Amino acid sequence: MKRIILFGAPGSGKGTQADALEEKYGYKKIATGDLVRTEIAEKTELGMQFKYISGKGELVPDDVIVRMFKKRLGQKDIKNAYIVDGFPRTLSQAEALSGIEADEEIAVYLKLGDEDLVVKRILSRLTCTQCGAIYRTEGDPPANEVKCTRCGGIAERRSDDTEDVVRRRIHVYREATKPVIRYYKDRGVFHEIDASRTIEEIFKDLEDVLN
Ligand code: AMP
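Parameters and conventions
Residues numbered from 1 in each chain as written. Predicted model: local features only at pLDDT ≥ 70, side-chain atom pairs only at ≥ 80, totals over all residues. Heavy atoms only, no water. Pairing = 2+ DSSP bridges. Helix = DSSP H or I, 4+ residues; strand = E, 2+ residues; numbered from the N terminus. Axes fitted to C-alpha atoms, helices over the stretch in contact; angles between N-to-C directions. Contact = heavy atoms within 4.5 Å. Core = buried A, V, L, I, M, F, W, Y, C linked by side-chain atoms within 4.5 Å. Buried < 20%, exposed > 50% of the residue type's maximum accessible area, 1.4 Å probe, protein only. Parallel < 35°, antiparallel > 145°, perpendicular 65-115°, else oblique. Left-handed = near helix turned anticlockwise from the far one by under 90°. Nonpolar A, V, L, I, M, F, W, Y, C, P; charged D, E, K, R; others polar. Near = heavy atom within 4 Å. Polar contact = N/O pair within 3.5 Å; in protein donor to acceptor, adjacent residues only side chain to side chain. Areas by Shrake-Rupley, 256 points an atom, 1.4 Å probe, with all protein chains shown as cover.

Engineer: Hey, could you go over the sheet that holds strand β3 (residues 81-85) for me, with residue numbers and the actual values?
Structural biologist: Strand order in the open sheet made by the five strands is β2-β3-β1-β4-β9, with parallel pairing throughout. Each edge of the open sheet is held by one strand with a lone partner, namely β2 (28-31) and β9 (190-194). When strand polarity is set aside, the average angle formed by the axes of neighbouring strands in this sheet is 25°. The sheet contact formed by strand β1 (residues 2-8) and β3 spans five bridges and is parallel. Residue Lys2 lies in a different strand from β3, and its bridge partner there is Ala81. Sheet strands touched by helix α1 (residues 14-25): β1, β2, β3 and β4 (104-111). Its angle to β3, the strand with the most contacts, is close to 165°.

Spelled out as structure tokens, the structure:
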């Protein structure tokens, strides 16, 4: 099994690039944020806690997210290769992921330094409530929702995609997730891509890294 880890700040384009890889190569995307949103939508007990935590831009506990990730990974549709989006977000999660065997592991860091660009990107995106596909709002005034061309669901603005929460998520990312870069550098599987460019340019570099 090949494991492709995409990480970077909120808004760096991880989800968009994972969608594109899924579409072109059939690799399955596992986005822990989607797993969290599913629990919230289904109003499970965990979902209630997640709603509170993610609504503030904070991270849900490591052991809970690791358990959910493993459960998703164990499902039958995950074969040959998978892309991890939004996980690991802490060193402890990275260590847990390393404990899951993979024949090949590649970690790609989508680097985006400009905080205002991050906020702008996030505030202009719509996320499918069903499959997690990401769309850009276009038009004037921008649409509040669009029909997902992949699954027929509805893509809308995430409730945690507000400026205050996004800035908090960026802060949490710097504190908790940045150390993960060192972890993958030390494992010798680290690649970095400039994520301030267009979706197509980033995707091309990503393909170069993967092939
Ligand atoms: P995302 O869609 O990746 O931005 O995730 C949305 C929210 O889900 C985050 O702000 C966290 O509250 C939670 N979440 C997603 N992935 C993780 C993770 N790996 N560790 C902890 N919390 C997570």
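What follows picks up the thread again.
Engineer: Now, about the nonpolar core: what can you tell me, with residues and values included?
Structural biologist: Formed by 31 residues in total, the largest nonpolar core has its most connected members in Phe7, Phe69, Tyr82 and Tyr184. Elements with a minimum of two residues in this core: β1, α2 (32-41), α3 (45-55), α4 (62-73), β3, α5 (91-98), β4 and α7 (163-187). Grouped together as the second largest cluster of nonpolar side chains are 22 residues, Ala18, Val119, Val166 and Ala195 included.

Engineer: Help me get a handle on the packing of α1 against helix α8 (residues 199-210), residues and values and all.
Structural biologist: Packing of α1 against α8 leaves a shortest axis separation of 10 Å and a crossing angle of 60°. Accordingly, the angle class assigned to the pair α1 and α8 is oblique. As for the relative orientation of α1 and α8, their crossing is right-handed in sense. Along the contact surface, α1 presents Thr16, Gln17, Ala20, Leu21, Lys24 and Tyr25, while α8 presents Ile199, Ile202, Phe203, Leu206, Glu207 and Leu210. Looking at the contact of α1 with α8, its residues break down into eight nonpolar, two polar and two charged.

Engineer: Go over the site of the ligand with me, naming the residues and quoting the values.
Structural biologist: Near the ligand lie 16 residues; those nearest to it are Thr32, Glu58, Gly86, Gln93 and Arg158. Here Gly86 contributes a backbone N or O atom positioned 2.9 Å from a nitrogen atom of the ligand. The contact in question runs from an oxygen atom of the ligand to an N or O atom on the side chain of Arg89, over 3.0 Å. Protein burial of the ligand: of its 480 Å² of free accessible surface, 95% is covered by the chains. Sorting elements by how many residues they give to the shell around the ligand places α2 first, with four residues. Looking at the shell around the ligand, its residues break down into five nonpolar, five polar and six charged.

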